[in-house]
Amino acid sequence: MFLSAEERLETIRACRDCPMCHPVDMVAMVTGRESNTPRGRGMILWGLESGLLSWESEGVTRILYQAFLDGLPREWCEGNYDFDEMVIDARKTLVDKGFAPAAVSIIALRIRETGNPYGIKEKGMTPLVGNSPTSPPEVAIFLGSSARVQRPQTALALGKILRTLGISFEVLEDEADCGLLSYQLGDFKSAAEQAKNVAASLARCRAKKLISLSAGAYRMFTTRYARWGAALPEAMSVVHVTEFLGELLTQGRLALKRKIGNKVTYHDPCCLARFTYVLDPPRKVLLALAADNFVEMDWSGKKARSCGGCGGVPFTDPEISEKAARIRVEEALRTGARILISADPECEHHLSGAVQGGEIEVKDLVELVADAL
Amino acid sequence: MEKNLLFELVREELCDAVGEENVDTSEAGRFCYGADYSWVSRAWMDRGQKPLVPDFVVMPQATEEVSKVLKIANRHRIPVIPYGGGSGVNGGILALYGGIMLDLKRMKKIIRIDEQSLTVTAEAGVNGEILERELNRAGLTLGHYPASGYCATLGGYLAARGSGTLSTKYGKAEERVVAMEGVLPTGEMVRTLPVPRHATGPDFLNFFIGAEGTLGVITEVTMMLDPIPEVREFQGFLFGSLADGLEAGRRIMTQRLRPCVIRLYDPASTIRFVQKVLGIPVEGSFMVVGCDGQKEMVALEKKEIGKICLAMGGKDLGREPGETWWKERYKFYFPPFCPDLPELFGTMDSVTTYDKIIPLYEAKKKTIEEGFKDFGARYTAHFSHWFPWGTMIYDRFFVEKPPQDPREAIQLHNRIWAAVIRRALAAGGVVNEHHGIGQKLGYFLPEQFGSSWPVLVSLKKMLDPNNIMNPGKLGL
């Protein structure tokens, strides 16, 4: 548990009585249900705390797993209450008591058997992204489950950028899932196991700088791993890929020859918008690519809305996830942009699924940089 | 309602009306409607007492579905409680007798923004903040900024006759209604006339405005808009006495200047909210005055207002305190900055004409501080919504350590309310100005309305013969 008992109770008391963050809860936006608002969940948690509800009460599991846990309620909250952690803590209790949705154990099994939550046996990424050199490489890259299985083109694009710029790199041959999904689902046992597996792989890396293609993995590395005894090697620094690209631009090592002529907009992945606050680097790269053609969405930066891909909701309530993604795509369409750009393969995947016809193109920032070399 | 055969049959009818996925009978789903923002409902739950919950939660997506649900409810004599954001402070959405909680938040479409007429037509369940943001994209504003704006819905604004921070200039929500669609208690869908000002007989808008769901369900509203002003500026003043500040406000309004806001805090309120929440280190009676509109007009209004304030001994604190107040205005309503349990507190607003405002304030203050001094009761007040003829007093009582026993706590709470409401009525005030009546204040309405109360009762009986619409609210 990442909240002390006192913090947890204080957060429950605050959230159960307060409706002030309702406009930022995307599940509530989709369903219109009071139970899907942060206050509704807070009331349920108070009911559990006070004995007015039991963990087996009808609706408790369903409602507590219908939350994106995207960090936006906390960002919105003047009191800065950690709403997400309160819900994750409750999910952990549901897992421990055996009341979690079936998807939780299915995902744990898939990760153990295939290394990813989709249950898809992937081909090794190393031949696709590029061979690791024999001498200590400049960087190591962590791809993430989504890039390895759902959006390999993003991983290939990163490989292309590094080779073109002459930056030696290595890819983890035995890369495991980073554990974010298991953690958000309350399956702390699996999350800790995955964290330790990843940490062990990273300990075998020769590079001292780790670039994470996955925003979720970056968040886990920098905010959660140490608590599970899975700290990264002391000599290893970690950056998100957008920070790395921003550094290359500043150093003059990244020359973007082909600029984007269409209007573009940017979706901040929630793990970058909040939790790690990587807001400026992707914008620096975007401005270099698109200049005046870059336009922000209404809900952007620290207040960026979820793409619908977080909190395990795509696995427990796919229809809610899809509708949330559609809301985000519609926001992008209202900017007049022809390209919706993100900086996480998981976000790219969810947003792409919500596009209808050819109304807008969804691309990862890394892919656009690779195309511009 | 017992979960027997009738329950299952009604459930099936409701599923048929709105879709199975939009009917929730789960224990946890219904539990979430067990409290609104009223102290009583929150304290009851806080002390581990079983809340009042509905039997069914139903989420329609269209006026036709609302109509179907009300017809089902009439057929089976089941109460219906229309629900928006659940931000009311007077128990207006509590399911006193179980029934159907009609959560309108799926009815959230912004149907049309008319940039020529400056109106917006939207479904009643649209969230206030979401609506305002959409209007801002077009350079427009609803002009309605209530504290509940982040969670309240358009229908809720009108059902409770709400006011917003800038209502002094832009009016209460009800003053901005152009037209409305709703469903009467027996299921008929009705539309009011397309404009609010006419000479075409009585106005049916008042079947819905302020009725808190007791006379039907609001489903769609057309509201007046304003352009986002060229400038909006706030100024802070400090008065040595509340009376001086009140007189300054009266002169501003009766000289027909048009500030968008005058917010005057009594000394206790200045310490509790302005000092401690906003961090503005002042003592006395703090006032914020705001003006908005075209730049030259704002400069002129500010100049004239400044003269009045200085003439009443006010000290000009400059723009910063006022701008800070505006920027942080919602902060007061987030924990831990808002009044919170375990304290016992209530917001008791009233409104009266200028000649009675000081006696009203003093009467209420005395009622609390002297009448309940054994409980250590404290009183704070500010004056936030000003009219050409008077002003409203937004006042609160606090008891830091109320009885732990929930029944004793509620008894104390209600006794305080009863004492102060009756004192307010005697001093020329009304039961409430913009927080509504709900369940809590309903039993004072016969005293407020006097000989015209039976008219309201008759209207209710005529429109709602089976008394299904939010029973037990508004004293009906």
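What counts, and where the lines are drawn
Residues numbered from 1 in each chain as written. Chains lettered and ligands numbered in written order. Predicted model: local features only at pLDDT ≥ 70, side-chain atom pairs only at ≥ 80, totals over all residues. Helix = DSSP H or I, 4+ residues; strand = E, 2+ residues; numbered from the N terminus. Expected span 1.5 Å × (residues − 1). Contact = placed C-beta atoms within 7 Å. Domains from an automatic or database assignment. Axes fitted to C-alpha atoms, helices over the stretch in contact; angles between N-to-C directions. Left-handed = near helix turned anticlockwise from the far one by under 90°. Nonpolar A, V, L, I, M, F, W, Y, C, P; charged D, E, K, R; others polar. Buried ≥ 20, exposed ≤ 12 C-beta atoms within 10 Å, placed from the backbone. Pairing = 2+ DSSP bridges. Parallel < 35°, antiparallel > 145°, perpendicular 65-115°, else oblique.

### Describing helix H18 (residues 318-334) of chain A
Since the α-helix turns once every 3.6 residues, residues separated by three or four places project in the same direction.
Residue and element names in this part refer to chain A.
Alright, step 1. Taking 1.5 Å per residue, 17 residues should reach 24 Å; H18 reaches 25 Å between its end C-alpha atoms and fits that length.
Alright, step 2. Looking at the packing, one finds that the buried side of H18 touches helix H2 (26-31), strand S5 (264-267), helix H17 (313-316), strand S6 (339-342) and helix H19 (345-353).
Alright, step 3. Backbone geometry just downstream of H18 places Gly336 in the positive-phi region, at approximately 85°.

### Points about the domain arrangement of chain B
Residue and element names in this part refer to chain B.
Alright, step 1. Parsing chain B into structural domains produces domain 1 (5-103), domain 2 (110-227), domain 3 (231-333) and domain 4 (344-440).
Alright, step 2. Using only C-alpha atoms to locate each centre, domain 3 and domain 4 end up separated by 23 Å.
Alright, step 3. With 13 residues of domain 3 in contact, the opposing surface of domain 4 contributes 13 residues.
Alright, step 4. The set of elements that each furnish at least two residues to the side of domain 3 that touches domain 4 consists of helix H8 (242-254), strand S13 (261-265) and helix H9 (267-275).
Alright, step 5. The dominant element in the side of domain 3 that touches domain 4, judged by the number of residues it contributes, is H8, at 5 residues.

### Some points on the packing of H8(B) against helix H10 (residues 295-311) of chain B
All names here are of chain B.
Alright, step 1. For the pair H8 and H10, interaxial distance at closest approach is 9 Å and the crossing angle is 145°. Judged by the twist between their axes, the crossing of H8 over H10 is right-handed. Here H8 contributes Ala248, Arg251 and Ile252 to the contact with H10, which in turn contributes Ile305, Ile308 and Cys309.

### What about the domain arrangement of chain A?
All names here are of chain A.
Alright, step 1. In terms of domains, chain A is made up of domain 1 (5-100), domain 2 (126-248) and domain 3 (254-371).
Alright, step 2. In this structure, domain 2 and domain 3 have C-alpha centres spaced 21 Å apart.
Alright, step 3. Contact residues are listed per partner, giving 30 residues for domain 2 and 25 residues for domain 3.
Alright, step 4. Contributing elements (two or more residues each) for the side of domain 2 that touches domain 3: helix H9 (145-149), helix H10 (152-164), helix H11 (180-184), helix H13 (215-223) and helix H14 (241-251).
Alright, step 5. For the side of domain 2 that touches domain 3, the per-class residue count stands at 13 nonpolar, 13 polar and 4 charged.

### Comments concerning the pairing of strand S18 (residues 378-386) of chain B
On a regular strand, each side chain points to the face opposite its neighbour's, so the side chains alternate between the two faces of the sheet.
Residues and elements named next belong to chain B.
Alright, step 1. With 8 of 9 residues buried, S18 lies mostly within the body of the structure.
Alright, step 2. Both S13 and S18 contribute to a ladder of 2 bridges, which runs antiparallel. Bridge assignment links Tyr265 to a residue of S18, and that residue is His382.
Alright, step 3. Sheet topology places S18 next to strand S19 (residues 390-399); 7 bridges connect them, and they run antiparallel. Residue Tyr379 lies in a different strand from S19, and its bridge partner there is Phe397.
Alright, step 4. Hairpin remark: S18 followed by S19, antiparallel, with 3 residues in the connecting loop.

### Concerning the sheet that holds S6(A)
Residue and element names in this part refer to chain A.
Alright, step 1. Taken together, the 3 strands give an open sheet; going across it, the order is S5-S6-S7, and neighbouring strands pair in parallel fashion. The two strands at the open ends of the sheet, each matched to only one other strand, are S5 and strand S7 (361-364). Within the sheet, the average angular offset between the axes of one strand and its neighbour, ignoring direction, is 30°.
Alright, step 2. Of the pairings in the sheet, the one linking S6 to S7 comprises 4 bridges and is parallel in character. Bridge pairing in S7 places Ser342 opposite Asp364.

### Topic: the packing of helix H1 (residues 5-18) of chain B against helix H4 (residues 63-76) of chain B
All names here are of chain B.
Alright, step 1. It is at 9 Å that the axes of H1 and H4 come closest, and there the two elements cross at 165°. Between H1 and H4, the crossing angle belongs to the class labelled roughly antiparallel. Handedness of the crossing formed by H1 with H4: right-handed. In this structure, H1 uses Val10, Glu13, Leu14, Ala17 and Val18 to contact H4, whose residues at the interface are Glu65, Lys68, Val69, Ile72 and His76.
Alright, step 2. Residues that form the contact of H1 with H4 fall into these classes: 6 nonpolar, 1 polar and 3 charged.

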